[in-house]
Amino acid sequence: MIHNKEKLHQLTNRWLQQNKLQNLSICLSHQEEEWHFNAGDFEQNASYFVASTTKLFITALFLQLQAEGRLNLEDYIAPHLHPSLLDQLHVWRGKDYSQQISFKHLLSHTSGLADYFEQAPKGKESLRAQLLKGNDCSWNLQNAIESSRAIGAQFPPGHKRKALYSDTNYQ
């Protein structure tokens, strides 16, 4: 049972009034009971960009799939993706490693794929820099893949003692 709903409501309203939060969406769930609170521009049941928080959920789902025997983290991603996504995605020093990327490489940031968010192709600004300048833009999977290809691979997948935090891995 969810207790003190009114207290939670008062607390979140106080944070909003003190400008500690601009927007807020909370959903607490216990058995059959749910409590929702939305403030600012957020609406109940809407989708929002939550950045790297999604990596935790994705990793948990992959670990669950492995525990169920539905996949192995050592499996290559190629059989699970459309060939157009992998075509020349990971080229390092003239060799295409795209077929050698495993789920483990992606989840542990050892794939060697460029980061479409923080890095940028030569002569262009990163997506992060564009957003920080106030340029509102959207991107989809294809945009992320194209950007990563244009930037280029950073090292071969699974290279010992090499890792690069890359949002591309989780796309």
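Before any of the text, the structure's been laid out above.
Quick caveat, the model's predicted, so the values are computed rather than measured. (Residues numbered from 1 in each chain as written. Predicted model: local features only at pLDDT ≥ 70, side-chain atom pairs only at ≥ 80, totals over all residues. Heavy atoms only, no water.)

Draft legend 1. Region of the structure containing helix α2 (residues 53-67). For α2, spanning 15 residues, the distance from its first C-alpha to its last is 22 Å, which sits close to the expected 21 Å at 1.5 Å a residue. Positioned one or two residues after α2, Gly69 has a phi angle of 80°, which is positive. (Helix = DSSP H or I, 4+ residues; strand = E, 2+ residues; numbered from the N terminus. Expected span 1.5 Å × (residues − 1).)

Draft legend 2. Spotlight on the packing of aromatic side chains. As enumerated under the stated definition, the model contains 4 aromatic pairs in all. Judged by centre distance (6.5 Å) and plane angle (55°), the ring pair of Tyr116 and Trp139 falls under tilted. Taken as a pair, Tyr116 in the loop between α4 (103-107) and α5 (127-132) and Trp139 in the loop between α5 and α6 (141-151) lie far apart in primary sequence, 23 residues in all. The buried category is assigned to Tyr116, whose relative accessible area is 6%. Seen in terms of ring centroids, Phe117 and Trp139 are 6.3 Å apart; in terms of plane orientation they differ by 45°. Their pairing is tilted. Of this pair, Phe117 sits in the loop between α4 and α5 while Trp139 sits in the loop between α5 and α6; the two residues are 22 residues apart in sequence, bridging distant segments of the chain. (Phe/Tyr/Trp six-rings, centres within 6.5 Å; stacked < 30°, edge-to-face > 60°. Buried < 20%, exposed > 50% of the residue type's maximum accessible area, 1.4 Å probe, protein only.)

Draft legend 3. Fine view of unusual backbone geometry. Positive phi is not limited to glycine here, since Gln88 has a value of about 60°. Within the secondary structure layout, Gln88 lies in the loop between α3 (83-86) and β3 (91-92). Positioned with a positive phi, Arg93 is a non-glycine residue whose angle comes to about 50°. Its location among the elements puts Arg93 in the loop between β3 and β4 (95-96).

Draft legend 4. Quick look at the pairing of strand β1 (residues 24-30). Note that β1 and strand β2 (residues 33-39) share 7 bridges and pair antiparallel. Counterpart to Leu24 in the pairing with β2 is Ala39. Taken together, β1 and the strand that follows it, β2, pair antiparallel across an intervening segment of 2 residues, in which Gln31 is found at a positive phi of about 50°. (Pairing = 2+ DSSP bridges.)

Draft legend 5. Structural view of α6. Ala144, Ile145, Ser147, Ser148 and Ile151 are the residues of α6 that are buried. Buried residues of α6, seen end-on, are gathered within an arc of 165° and therefore sit on one face of the element. Packing partners of the buried residues in α6 comprise α3. At the N-terminal end of α6, a side-chain oxygen is found 3.0 Å from the backbone nitrogen of Gln142, two or three residues along, and the residue is Asn140. Where α6 ends, the next residue or the one after it, Gly152, has phi of about 100°, a positive value. (Arc of directions from axis to C-beta. Contact = heavy atoms within 4.5 Å. Polar contact = N/O pair within 3.5 Å; in protein donor to acceptor, adjacent residues only side chain to side chain.)

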